[in-house]
Amino acid sequence: MADLVAFAKMNGLGNKILVVDMRGRTDRVTPAAAIALAADAETVFDQIMAIHDPKADGTDAFIDILNCDGTLAQACGNGTRCVVQALAAETGKKAFAFQTVAGILNAVEHEDGTISVDMGRPVFAWDRIPLAEEFFDTSRIELQIGPIDDPVLHSPSAVSMGNPHAVFWVDRDVMSFDLARFGPLLENHPIFPERANITLTEVTSRSSMRTRTWERSAGLTLACGSAACAAAVSGARTGRTGRKVAITVASSPNRGTLQIEWRESDDHVIMTGPAEWEWSGTVDPATGTWRRDVAEGGAAAL
């Protein structure tokens, strides 16, 4: 295998992430490589976070985000935490600024190992989420699955966190719904011209909720950070919760939570949670051919 680069298999609260080091290069991880890696049981992922040299002054890196079907994603909060942990272990830095196609993300690693990512301001305007038709109030849009007189899911809150989200409010365990069946229909509904992430949310108190997400281009996912942010913002926006919530991702095998604050001072959404290094290797960014490092354990540096 020629022309390999370093990569790390990581996860953010169960969200399967590959962090690929493309610094010092002008090429990119190809869609074909992403599809090949996603098809391998050892490297299956939800998102690839490809770290490139910075393009903007004052930033530490430019990050390309790829879905498992090879398409580009605008945002991935759980993946950003994995990037922070890897670069913090490599450089000793604690604070970072990353450029993405969705804008600048600022992040910091805390002494307890958790990582906070500033996900920016949520977007509520119908044409910027975007939606295919005009809604004056996107906190409750007309969309449902199931019989018209007894829908299974209905009236989601729509919001963009750099990528489009629809948050459906449910009154029972989010794991009791057949999201594998409903998810593809809702993701690809004509109301979402760029498709959407679909999240089921059960509010358990004024400061807590449980979520489960069908992720655009990835399908059922163990966790989705931007979806958790969308749920938190939508909960506060509709009066179901306050602006600080602890989110349990019901589908995650990890027992941690995401702490989300929709900050009043500037309307930015701050997501705090863990990241976990699993193993490292090298990969051909053109083909996806890879090999695992022999030495295991230790820090998450690339």
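Residues numbered from 1 in each chain as written. Predicted model: local features only at pLDDT ≥ 70, side-chain atom pairs only at ≥ 80, totals over all residues. Heavy atoms only, no water.

Draft legend 1. Layout of the overall build of the protein chain. Secondary structure assignment for the protein chain yields four helices and 19 strands. Per-residue burial for the protein chain yields a buried fraction of 55% across its 302 residues. For the protein chain, the accessible area works out to roughly 12500 Å², and carbon and sulfur atoms hold 50% of it. (Helix = DSSP H or I, 4+ residues; strand = E, 2+ residues; numbered from the N terminus. Buried < 20%, exposed > 50% of the residue type's maximum accessible area, 1.4 Å probe, protein only. Areas by Shrake-Rupley, 256 points an atom, 1.4 Å probe, with all protein chains shown as cover.)

Draft legend 2. Representation of helix α4 (residues 225–237) in the model. For α4, built from 13 residues, the straight-helix expectation of 18 Å at 1.5 Å per residue is met to within 8% by its first-to-last C-alpha distance of 18 Å. Within α4, 12 of the 13 residues are buried, which leaves the element mostly enclosed by the surrounding structure. By the burial criterion, the buried members of α4 are Gly-225, Ser-226, Ala-227, Ala-228, Cys-229, Ala-230, Ala-231, Ala-232, Val-233, Ser-234, Gly-235 and Ala-236. A positive phi of about 80 degrees marks Gly-239, the residue just after α4. (Expected span 1.5 Å × (residues − 1).)

Draft legend 3. Just helix α3 (residues 179–187), in detail. Restricting attention to buried positions, one finds in α3 the residues Leu-179, Phe-182, Gly-183, Leu-186 and Glu-187. Projected down its long axis, α3 carries its buried residues within an arc of 125 degrees, all on one side. Away from its buried face, by an angle of more than 90 degrees, α3 presents the exposed residues Arg-181 and Leu-185. Elements in contact with the buried residues of α3: β8 (144–145), β9 (153–154), β11 (164–169), β12 (197–205), β13 (208–215) and β14 (219–220). (Arc of directions from axis to C-beta. Contact = heavy atoms within 4.5 Å.)

Draft legend 4. Up close: the nonpolar core. With 47 residues, the main nonpolar core has Ile-247 and Ile-260 as its most contacted residues. With seven residues, α4 is the largest single contributor of residues to this core. Excluding anything up to four places from it in sequence, Ile-247 contacts Met-209, Thr-211, Ala-228, Ala-232, Thr-257, Leu-258 and Ile-260. Among the nonpolar cores identified, the runner-up in size contains 23 residues, and Ile-129, Ile-141, Leu-186 and Ile-191 belong to it. (Core = buried A, V, L, I, M, F, W, Y, C linked by side-chain atoms within 4.5 Å.)

Draft legend 5. Structural detail: the environment of Glu-90. Along the chain, the position of Glu-90 falls in helix α2 (residues 77–91). As for Glu-90 and Leu-302, which are separated by 212 residues in sequence, their C-alpha atoms are 6.8 Å apart.

Draft legend 6. Structural view of the environment of Thr-138. Checked against the element boundaries, Thr-138 lands in the loop between β7 (115–118) and β8. The buried category is assigned to Thr-138, whose relative accessible area is 2%. Distance in space between the C-alpha atoms of Thr-138 and Pro-190 is 16 Å, their sequence separation being 52 residues. Aside from chain neighbours lying at most four places away, what touches Thr-138 is Phe-124, Trp-126, Ile-129, Leu-131, Pro-156, Ser-157, Ala-158 and Arg-237.

Draft legend 7. Here's a closer look at the pattern of salt bridges. By the definition in use, this model includes 17 salt bridges. Across the pair Asp-64 and Arg-28 runs a salt bridge whose closest N-O atoms are separated by 2.7 Å. Residue Asp-64 is located in strand β4 (residues 61–67), and its partner Arg-28 is located in the loop between β2 (15–21) and α1 (31–39); the two are separated by 36 residues in the primary sequence. Look at Asp-64 and you get buried, because its relative accessible area is 4%. With a closest N to O distance of 3.2 Å, Arg-181 and Asp-178 form a salt bridge. Judged by relative accessible area, Asp-178 falls into the partly exposed class, the value being 37%. The network of salt bridges with common partners includes Asp-3, Arg-25 and Asp-27. (Salt bridge = Lys/Arg side-chain N within 4 Å of Asp/Glu carboxyl O.)

Draft legend 8. Broad picture of the packing of aromatic side chains. Under the definition given, this model contains five aromatic pairs. Taken together, a centroid distance of 5.4 Å and an interplanar angle of 35 degrees make the contact between Trp-279 and Trp-290 tilted. With Trp-279 in strand β18 (residues 276–283) and Trp-290 in strand β19 (residues 290–292), this pair connects stretches of sequence that are 11 residues apart. By the ring-pair criterion, three or more aromatic residues cluster together here, those being Phe-7, Trp-279 and Trp-290. Directly above the aromatic system of Phe-177 lies the positively charged group of Arg-172, at a separation of 3.9 Å from the ring centroid. Positioned over the ring face of Phe-124 is Arg-237, at 3.9 Å from the centre of the ring. (Phe/Tyr/Trp six-rings, centres within 6.5 Å; stacked < 30°, edge-to-face > 60°. Lys NZ or Arg CZ within 6 Å of the ring centre and 35° of its normal.)

Draft legend 9. Local environment of the state of the cysteines. With the rule as written, the count across this model stands at zero disulfides. In this structure Cys-68 is not part of a disulfide, and its nearest cysteine sulfur, from Cys-76, lies 11 Å away. Between Cys-76, a cysteine without a disulfide, and Cys-224, which holds the nearest cysteine sulfur, the sulfur-to-sulfur distance is 6.8 Å. With relative accessibility at 3%, the residue Cys-76 sits in the buried group. (Disulfide = S-S within 2.5 Å.)

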